[in-house]
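# Coordinates in review
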Amino acid sequence: MALSKSILLLSLLALSPLCFCQQSNGGLSPQFYDHSCPKVQEIVKSVVAKAVAKEARMAASLLRLHFHDCFVKGCDASILLDSSGGIISEKRANPNRNSARGFEVIDEIKSAVEKECPQTVSCADILTLAARDSTVLAGGPSWEVPLGRRDAKSASLSGSNNNIPAPNNTFQTILTKFKLKGLDVVDLVALSGSHTIGNARCTSFRQRLYNQTGNGQPDYSLDQSYAAQLKTRCPRSGGDQNLFFLDFVSPTKFDNNYYKNILVSKGLLNSDQVLLTKNEASMDLVKKYAENSQIFFEQFAKSMVKMGNISPLTGSQGEIRKNCRKVN
Ligand code: HEM
Ligand SMILES: *[C@@H]1O[C@H](CO)[C@@H](O)[C@H](O)[C@H]1NC(C)=O
Ligand SMILES: *[C@@H]1O[C@H](CO)[C@@H](O)[C@H](O)[C@H]1NC(C)=O
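Residues numbered from 1 in each chain as written. Chains lettered and ligands numbered in written order. Predicted model: local features only at pLDDT ≥ 70, side-chain atom pairs only at ≥ 80, totals over all residues.

### Description of the packing of helix α4 (residues 103-116) against helix α5 (residues 123-137)
Selection rule: Angles here are taken between N-to-C directions and fall from 0 to 180 degrees, while the axes themselves are lines fitted to C-alpha atoms, restricted in helices to the stretch in contact. Note on conventions: DSSP H or I runs of at least 4 residues are helices, E runs of at least 2 residues are strands, and numbering of each starts at the N terminus. The cut-offs work like this: below 35 degrees is roughly parallel, past 145 is roughly antiparallel, 65 to 115 is roughly perpendicular, and the gaps in between are oblique. Left-handed describes a crossing whose near helix is turned anticlockwise from the far helix by less than a right angle; the clockwise case is right-handed. C-beta atoms are first placed from the backbone for all residues, and any pair lying within 7 Å is then listed as a contact. For this scheme, ten residues count as nonpolar: Ala, Val, Leu, Ile, Met, Phe, Trp, Tyr, Cys and Pro. Four count as charged, namely Asp, Glu, Lys and Arg, and the remainder, Gly too, count as polar.
Where α4 contacts α5, the axes come no closer than 10 Å and their chain directions differ by 120 degrees. As far as their axial angle goes, α5 and α4 are oblique. In the packing of α4 onto α5, the handedness of the crossing is right-handed. Residue-level contacts link I106, I109, K110 and V113 of α4 to C123, I126, L127 and A130 of α5. Here the residues of the contact of α4 with α5 are counted per class, giving 7 nonpolar, no polar and 1 charged.

Okay, here's the thing in structure tokens:
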């Protein structure tokens, strides 16, 4: 009698952390595909590794796709849908047009995963895993990815235009857009550290070089010799699509040079530099991450899990798409 009671108690104790874990992850769990598709993580990693070996920038592009997915109706792969029937693709939205990339890599992962376990793994989970693997391949931290997201049956062009921060938004607007997604100033500063890899187009920062506030003056919070260098390939007009490294010191390495650059007024985007100049809490975090990359890495991993858990579709919501570009 006493024995069976203690066994009952022990099994309750053993189960309870699982329940807490599922609650804080919105019903997601790293073990979600352990039985239904045990090879999924291996498959995602190998395709991402191949793509990044071919082009280092792809790590950055996949990381950004996940962000642009999660800020629009949650991490539901809505960004992957092409226009067709009633769907107006988010790929046309201002933050994505001529900019979002990596869709072919997601297609390649999806078809490899479908071959191994048909209609089992969501495109939303594939994108989340690809973002983690991209970070690791670029030299950044690793983390366990909660899984079990399902795919949206619709897209939101307006959500994409309105929810994703623009590079010339004010600090307050950017922070508000993060808060609306349940993310705080710590998440904002840590996740912006993604700009330690990847590129931006001239059109994303031209305003800073020539006419920051509409009075014909440049942004003086940008180092003026760095600005002069940028102007050679980002003229007053033309060259909109010319590419520049977000972190000119180590453009393909995931490290904390992004924060070091900001401290010397060499953040490329206005949204990067304002993290230092417009808010005290955020300034302290920039300094902390510039000083200690381990603290940055640990927070980045935590904030990525938090971002990846934004309003997932679970249970019988949504669907498991067969092709990430269209609803079933
Ligand atoms: C805080 C507000 C943010 C703003 C205003 C912002 C804005 C931008 C802009 C304008 C670009 C360049 C796009 C282009 O010119 O084509 C860019 C690139 C990028 N962003 Fe952000 N971003 C923000 C936060 C984030 C977050 C949270 C992540 C990921 C967790 C992220 C990851 C990236 C990456 C990796 C790139 C390079 C992409 C590539 O080379 O293909 N960004 N971002
Ligand atoms: C921000 O950039 C957009 C697109 O280039 C432009 O239309 C808008 O006027 C800019 N906003 C501010 C406040 O400068
Ligand atoms: C700067 O921008 C303002 C407002 O957008 C515009 O009226 C003005 O002509 C621009 N000045 C220059 C020198 O480009």
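### Some thoughts on the domain arrangement of the chain
By a widely used convention, the size of an interface equals the accessible area lost when the partners come together. Our working definition: Where each domain begins and ends follows an automated or database-derived domain assignment.
Segmenting the chain into domains produces domain 1 (40-164) and domain 2 (171-307). On a C-alpha basis, the centroid separation for the pair domain 1 and domain 2 is 23 Å. Each side of the interface is counted separately: domain 1 has 21 residues, and domain 2 has 18 residues. The residue inventory of the side of domain 1 that touches domain 2, partitioned by class, reads 11 nonpolar, 7 polar and 3 charged.

### Structural notes on the packing of helix α2 (residues 40-54) against α5
One can describe the packing of α2 onto α5 by two numbers: an axis separation of 9 Å at closest approach and a directional angle of 55 degrees. By the angle class used here, α2 and α5 are oblique. The two elements α2 and α5 cross, and the hand of that crossing is right-handed. Each of Q41, V44, K45, V48, A49 and V52 in α2 lies in contact with α5, whose residues at this interface are I126, L129, A130, D133, S134 and L137. A class-by-class count of the residues in the contact of α2 with α5 yields 8 nonpolar, 2 polar and 2 charged.

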